[in-house]
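Notes for the structure review
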Amino acid sequence: MGFADAQDLLDQCRVLNLALGEDAPLKAVDWARILLATEIVFVSDLAGSGVEWSTTTGFTDEATIRTLRSIQRKLASTVRPYYGRRPSLPR
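Parameters and conventions
Residues numbered from 1 in each chain as written. Predicted model: local features only at pLDDT ≥ 70, side-chain atom pairs only at ≥ 80, totals over all residues. Heavy atoms only, no water. Phe/Tyr/Trp six-rings, centres within 6.5 Å; stacked < 30°, edge-to-face > 60°. Helix = DSSP H or I, 4+ residues; strand = E, 2+ residues; numbered from the N terminus. Buried < 20%, exposed > 50% of the residue type's maximum accessible area, 1.4 Å probe, protein only. Expected span 1.5 Å × (residues − 1). Bend = angle between axes of the 7 residues up to and from the residue. Contact = heavy atoms within 4.5 Å.

**Considerations on the packing of aromatic side chains**
If you walk through the whole model with that rule in mind, you get one aromatic pair. Plain terms: the ring middles of Phe42 and Trp53 are 5.2 Å apart, the flat faces sit at 80 degrees to each other, and that makes the pair edge-to-face. Of the two residues, Phe42 sits in helix H2 (residues 28–43) while Trp53 sits in helix H3 (residues 53–57), which places them 11 residues apart along the sequence. Note on Phe42: relative accessible area 9%, which makes it buried.

Here is the structure:
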């Protein structure tokens, strides 16, 4: 997902969540990491909510996939450079 390790994921997710809440401008790499992390949390039983999504969030799979597809379309041109690549910043 473009994070160094699990701790970096948690740390960066806090930072990115705050930035989203403040409508702060984000780099394309950050949008790619946010989108990928969201996709994984939604779908994966191994690394996210998966089949328990509606139980853990209160959102139905159907409503979530519609919203996720809308977000994917809106971000397509922004995250396109990261298709097939790891969205990570140089360290």
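**Here we look at helix H4 (residues 61–79)**
Between the first and last C-alpha of H4 there are merely 24 Å, a value that for 19 residues lags more than 12% behind the 27 Å anticipated at 1.5 Å per step. The largest bend along H4 measures about 35 degrees and falls at Arg73. Turning to H4, its buried residues number three or more, namely Thr64, Leu68, Gln72, Leu75, Ala76 and Val79. Where the residues of H4 are buried, they touch H2 and H3.

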